[in-house]
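What follows is the residue order along each chain.
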Amino acid sequence: QQQVKQSPQSLIVQKGGISIINCAYENTAFDYFPWYQQFPGKGPALLIAIRPDVSEKKEGRFTISFNKSAKQFSLHIMDSQPGDSATYFCACGSSNTGKLIFGQGTTLQVKP
Amino acid sequence: DTAVSQTPKYLVTQMGNDKSIKCEQNLGHDTMYWYKQDSKKFLKIMFSYNNKELIINETVPNRFSPKSPDKAHLNLHINSLELGDSAVYFCASSQGETGGAGGYTFGSGTRLTVV
């Protein structure tokens, strides 16, 4: 049973465009929602994270939108650049269980 | 300075062998993890330790045995390796359960290939 569903599996965007990746979860006990970025041959790195008490968080070109009632959240990358080409993972965490459950990943390619 | 370092980076071994992967973090974090990333890039937690104490043990074959000699080190020993164990294994650390604002810090991974 997949607790965290991420879409799309892959995404191609033109340079300067907006990349949008979506995530849906089932467990209402989750209280921490990060996004990780992974380049080939490297480990995932924390990009941006949100707690359920806010609906949006922005850091530079990266924004998380969070819809608690729908149990969904998304990552928006504004003005996408070729250097943003990577695999992106959403994750859900619970302070009770102390573990992160990752989505299946989205491979983003930004074309010059 | 590397925050979370794993060794070796690559490991090629035959079925039935026993192998170990080592992990060290210099961030002063109190919690460490092992994650497995399969060929489809799916990341699945295997174990986590908090201050040398096992707190998460997912449904992992008992051929996998983690050991934490101190809170800066978490090693993974795998007995009787099978073809299906081939994957990239990531060590990670965090301060607290989910890492708070800092999240998890991952190592660069160990690519294990069983032939």
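You'll find the structure just up there.
What you are looking at is a predicted structure, and each value in this text was computed from that prediction instead of being measured. (Residues numbered from 1 in each chain as written. Chains lettered and ligands numbered in written order. Predicted model: local features only at pLDDT ≥ 70, side-chain atom pairs only at ≥ 80, totals over all residues. Heavy atoms only, no water.)

Draft legend 1. Structural detail: the interface of chain A and chain B. With 22 residues of chain A at the interface, the matching set in chain B holds 22 residues. The contact between chain A and chain B buries some 1700 Å² in all, and 56% of this surface belongs to carbon and sulfur atoms. For the pair chain A and chain B, the number of links is five residue pairs in polar contact (both at pLDDT 80 or more). For the side of chain A that touches chain B, the secondary structure elements donating two or more residues are strand S4 (33-38), strand S9 (86-94) and strand S10 (99-102) of chain A. Ranked by the residues each element gives to the side of chain A that touches chain B, the list is headed by S9 of chain A, at four residues. Tallied by class, residues from the side of chain A that touches chain B come to seven nonpolar, 12 polar and three charged. (Contact = heavy atoms within 4.5 Å. Buried area = accessible area lost by both parts, 1.4 Å probe. Polar contact = N/O pair within 3.5 Å; in protein donor to acceptor, adjacent residues only side chain to side chain. Helix = DSSP H or I, 4+ residues; strand = E, 2+ residues; numbered from the N terminus. Nonpolar A, V, L, I, M, F, W, Y, C, P; charged D, E, K, R; others polar.)

Draft legend 2. Quick peek at the state of the cysteines. Summed over the entire model, instances satisfying the criterion amount to two disulfides over all chains. Across the disulfide from Cys-23 of chain B sits Cys-91 of chain B; the S-S distance is 1.9 Å. As the torsion about the S-S bond is roughly -80°, the Cys-23 of chain B-Cys-91 of chain B disulfide counts as left-handed. Of the two residues, Cys-23 of chain B sits in strand S3 (residues 19-25) while Cys-91 of chain B sits in strand S9 (residues 87-94), which places them 68 residues apart along the sequence. Free cysteine Cys-92 of chain A: the closest other cysteine sulfur is in Cys-23 of chain A, separated by 5.6 Å. (Disulfide = S-S within 2.5 Å.)

Draft legend 3. A nonpolar patch on the surface, seen in detail. All names here are of chain A. On the surface, a cluster of nonpolar side chains totalling about 240 Å² of accessible area is made up of Ile-18, Ile-20 and Met-78. Tracing the chain through its elements places Ile-20 in strand S3 (residues 19-25). A relative accessible area of 37% means that Ile-20 is categorised as partly exposed. (Patch = residues over 30% accessible without salt bridge, like charges linked within 9 Å, V, L, I, M, F, W, Y side chains within 5 Å. Areas by Shrake-Rupley, 256 points an atom, 1.4 Å probe, with all protein chains shown as cover. Salt bridge = Lys/Arg side-chain N within 4 Å of Asp/Glu carboxyl O. Buried < 20%, exposed > 50% of the residue type's maximum accessible area, 1.4 Å probe, protein only.)

Draft legend 4. Structural view of the packing of aromatic side chains. Scanning the entire structure with this criterion turns up 20 aromatic pairs over all chains. Measuring from ring centre to ring centre gives 4.1 Å for Tyr-33 of chain B and Tyr-104 of chain B, while their planes differ by 20°; the resulting arrangement is stacked. A residue pair is termed long-range when its members are at least 10 positions apart, and Tyr-33 of chain B in strand S4 (residues 31-37) and Tyr-104 of chain B in the loop between S9 and strand S10 (105-106) qualify at 71 residues. When sorted by exposure, Tyr-33 of chain B lands in the same class as Tyr-104 of chain B, which is buried. Members of the aromatic cluster, joined through ring pairs, are Tyr-36, Phe-89 and Phe-102 of chain A together with Tyr-33, Tyr-35, Phe-90, Tyr-104 and Phe-106 of chain B. (Phe/Tyr/Trp six-rings, centres within 6.5 Å; stacked < 30°, edge-to-face > 60°.)

Draft legend 5. Fine view of the sheet that holds strand S7 (residues 64-70) of chain B. Residues and elements named next belong to chain B. With respect to topology, four strands assemble into an open sheet ordered S1-S3-S8-S7, the strand pairing being antiparallel. Where the open sheet ends on each side, the last strands, each with one partner, are strand S1 (4-7) and S7. For this sheet the average axis-to-axis angle between neighbouring strands, irrespective of direction, equals 20°. (Pairing = 2+ DSSP bridges. Axes fitted to C-alpha atoms, helices over the stretch in contact; angles between N-to-C directions.)

Draft legend 6. Broad picture of the environment of Ala-91 of chain A. All names here are of chain A. Looking at the element boundaries, Ala-91 is found in strand S9. Taking the C-alpha atoms as reference points, Ala-91 and Asn-22, 69 residues apart in sequence, are found 11 Å from one another. Look past the residues within four positions of Ala-91 in its chain and what remains in contact with it is Tyr-32, Phe-33, Pro-34, Phe-73, Leu-100, Ile-101 and Phe-102.

Draft legend 7. Representation of the nonpolar core within the structure. Counting residues in hydrophobic clusters, the biggest one holds 25 residues, and the most contacted among them are Phe-33, Trp-35, Phe-73, Leu-75 and Tyr-88 of chain A. Looking at this core, the elements that each hand over two or more residues are strand S2 (10-14), S3, S4, strand S5 (45-50), strand S7 (62-67), strand S8 (72-77), S9 and strand S11 (106-111) of chain A. Sort the elements by how many residues they give to this core and S9 of chain A lands first, with four residues. Counting 20 residues, the second largest nonpolar core, distinct from the first, contains Met-46, Leu-74, Leu-76 and Val-114 of chain B. (Core = buried A, V, L, I, M, F, W, Y, C linked by side-chain atoms within 4.5 Å.)

Draft legend 8. Here's a closer look at the pattern of salt bridges. Applying the stated criterion to the full structure yields four salt bridges over all chains. Among the ionic pairs, Lys-57 of chain A bridges to Glu-59 of chain A, the shortest N-O distance being 3.6 Å. Taking the relative accessible area as the measure of exposure, Lys-57 of chain A reaches 31% and is therefore partly exposed. A relative accessible area of 36% places Glu-59 of chain A in the partly exposed class. Residue Asp-85 of chain B is joined to Arg-63 of chain B by a salt bridge in which the shortest nitrogen-to-oxygen separation is 2.8 Å. Here Asp-85 of chain B is found in the loop between strand S8 (73-78) and S9, whereas its partner Arg-63 of chain B is found in the loop between strand S6 (53-57) and S7, with 22 residues between them in sequence.

Everything listed here is a matter of geometry and, on its own, says nothing about what the molecule does.
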